[in-house]
Amino acid sequence: MDSAIGSGNPEALSLEDIEDRIEAAEETLDIIKLLTIIKTCNENGSQEDWDVPAEASLDAFYRVVKGGDADLILPKSTRATFFWSLKVWKEEEAIVEVALGCIAAIGAKGEECLEETVIAIDGNLIVDIMKQYQDEAAIQEQACLAIKGLAERDEMKQRLRAVEGIAAELKAAEGRITNERNKKYAGQAAAALGLQL
């Protein structure tokens with residue numbers, strides 16, 4: 001079960017080699033390689049055992065971005081890649097949580113060709129995930145933080161404001177979040193969208 005990684009890269013990436021590639025990319029803070037690995041995992045989402053490297057590569061990206069350069073300009077389609085992960089791995093709770101965390105972590109960072117990415121952002125998907133995982137407080141938290149992060153970019157804020165039921169879902173999330181300190185995330189997401197809960 002091999003998959004090519006990266007355009008122009010003649011090497012095949014086997015499931016057995018992927019862990020080493022993830023570690024190497026994280027050690028060198030290479031977000032482009034990590035994004036390529038995430039895309040490869042998404043492409044292989046229907047194959048057995050790709051969930052483990054999908055989660056690991058998303059976790060590595062999260063750590064790199066959280067600890068990295070605040071002025072980082074992300075490669076084209078970064079946000080779209082995470083939304084793709086949400087679609088492919090929607091039934092995998094741990095992957096959903098970390099993909100939402102990646103969206104939240106990049107917040108207002110710039111992205112090459114952002115106007116193209118905005119088109120690929122489906123705010124309905126986040127609302128659907130919040131409904132699907134009503135009993136998972138951590139996913140509710142990460143979804144709120146992802147919405148807040150996306151809303152920091154005006155072009156995405158407008159798309160999210162247009163999602164039917166987003167205010168109601170944020171209000172519901174406030175009650176679903178069990179950590180008292182983190183209940184504020186729902187209100188912060190709503191405020192970022194210019195909505196009242």
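Residues numbered from 1 in each chain as written. Predicted model: local features only at pLDDT ≥ 70, side-chain atom pairs only at ≥ 80, totals over all residues. Heavy atoms only, no water.

Asker: Hey, could you run me through the state of the cysteines in this one?
Answerer: What we call a disulfide is simply a covalent bond connecting the sulfur atoms of a pair of cysteines. Scanning all chains against the criterion turns up zero disulfides. The structure places no disulfide on C41, whose sulfur is separated from the nearest cysteine sulfur, that of C102, by 12 Å. (Disulfide = S-S within 2.5 Å.)

Asker: I keep staring at the pattern of salt bridges and nothing clicks. Help me out?
Answerer: Opposite charge on two side chains permits them to pair, given that their charged atoms come into close proximity. Applying the stated criterion to the full structure yields six salt bridges. Of the charged contacts in the structure, one is a salt bridge between E26 and R63, with a shortest N-O distance of 2.6 Å. Of this pair, E26 sits in helix α1 (residues 18–27) while R63 sits in helix α3 (residues 51–66), and the two are 37 residues apart along the sequence. Residues K171 and E174 are paired through a salt bridge, measuring 3.2 Å at the closest nitrogen-oxygen approach. Of the two residues, K171 and E174 both sit in helix α10 (residues 166–176), three residues apart, roughly one turn of that helix. (Salt bridge = Lys/Arg side-chain N within 4 Å of Asp/Glu carboxyl O. Helix = DSSP H or I, 4+ residues; strand = E, 2+ residues; numbered from the N terminus.)

Asker: In this structure, what is going on with helix α8 (residues 137–151)? I would like to understand it.
Answerer: Given 3.6 residues to a turn, an α-helix orients residues that are three or four positions apart in the same direction. With 15 residues, α8 ought to run about 21 Å at 1.5 Å a step, and its terminal C-alpha atoms sit 21 Å apart, in line with that. Counted residue by residue, α8 has twelve buried out of 15 residues, so it is predominantly covered. Inspection of α8 places A137, I139, Q140, E141, Q142, A143, C144, A146, I147, G149, L150 and A151 among the buried residues, and these make up the whole buried set. Looking at the packing, one finds that the buried side of α8 touches α4 (78–88), α5 (93–106), α7 (123–132), α9 (154–161), α10 and α11 (184–193). (Expected span 1.5 Å × (residues − 1). Buried < 20%, exposed > 50% of the residue type's maximum accessible area, 1.4 Å probe, protein only. Contact = heavy atoms within 4.5 Å.)

Asker: Help me out: how do you make sense of the side chain of E141 in this one?
Answerer: Inspection of the secondary structure puts E141 in helix α8. Residues contacting E141, with those up to four places away along its chain left out, are I177, N179, N182 and Y185.

Asker: Is there a simple way to explain unusual backbone geometry in this structure?
Answerer: Note on backbone geometry: most residues besides glycine have negative phi, and most peptide bonds are trans. Positive phi outside glycine occurs at D49, with the angle close to 75 degrees. Within the element layout of this structure, D49 appears in the loop between α2 (31–43) and α3. The backbone of S77 shows a phi angle near 70 degrees, a positive value even though the residue is not glycine. When you line up the elements, S77 lands in the loop between β3 (73–74) and α4. Classification of S77 by relative accessible area gives partly exposed; the value is 24%.

Asker: Sorry if this is basic, but what is going on with the packing of α4 against α5 here?
Answerer: Helix packing geometry: the angle between the two helix axes and the distance between the axes. Here α4 crosses α5 at 160 degrees, and the two axes come no closer than 9 Å. Here α4 is positioned roughly antiparallel relative to α5, judged by the angle of their axes. The handedness of the crossing between α4 and α5 comes out as left-handed. Counted together, T78, R79, F82, F83, S85 and L86 of α4 and V96, A99, L100, C102, I103 and I106 of α5 form the full contact between these two elements. Each residue belonging to the contact of α4 with α5 can be placed in one class, and the counts come to nine nonpolar, two polar and one charged. (Axes fitted to C-alpha atoms, helices over the stretch in contact; angles between N-to-C directions. Parallel < 35°, antiparallel > 145°, perpendicular 65-115°, else oblique. Left-handed = near helix turned anticlockwise from the far one by under 90°. Nonpolar A, V, L, I, M, F, W, Y, C, P; charged D, E, K, R; others polar.)

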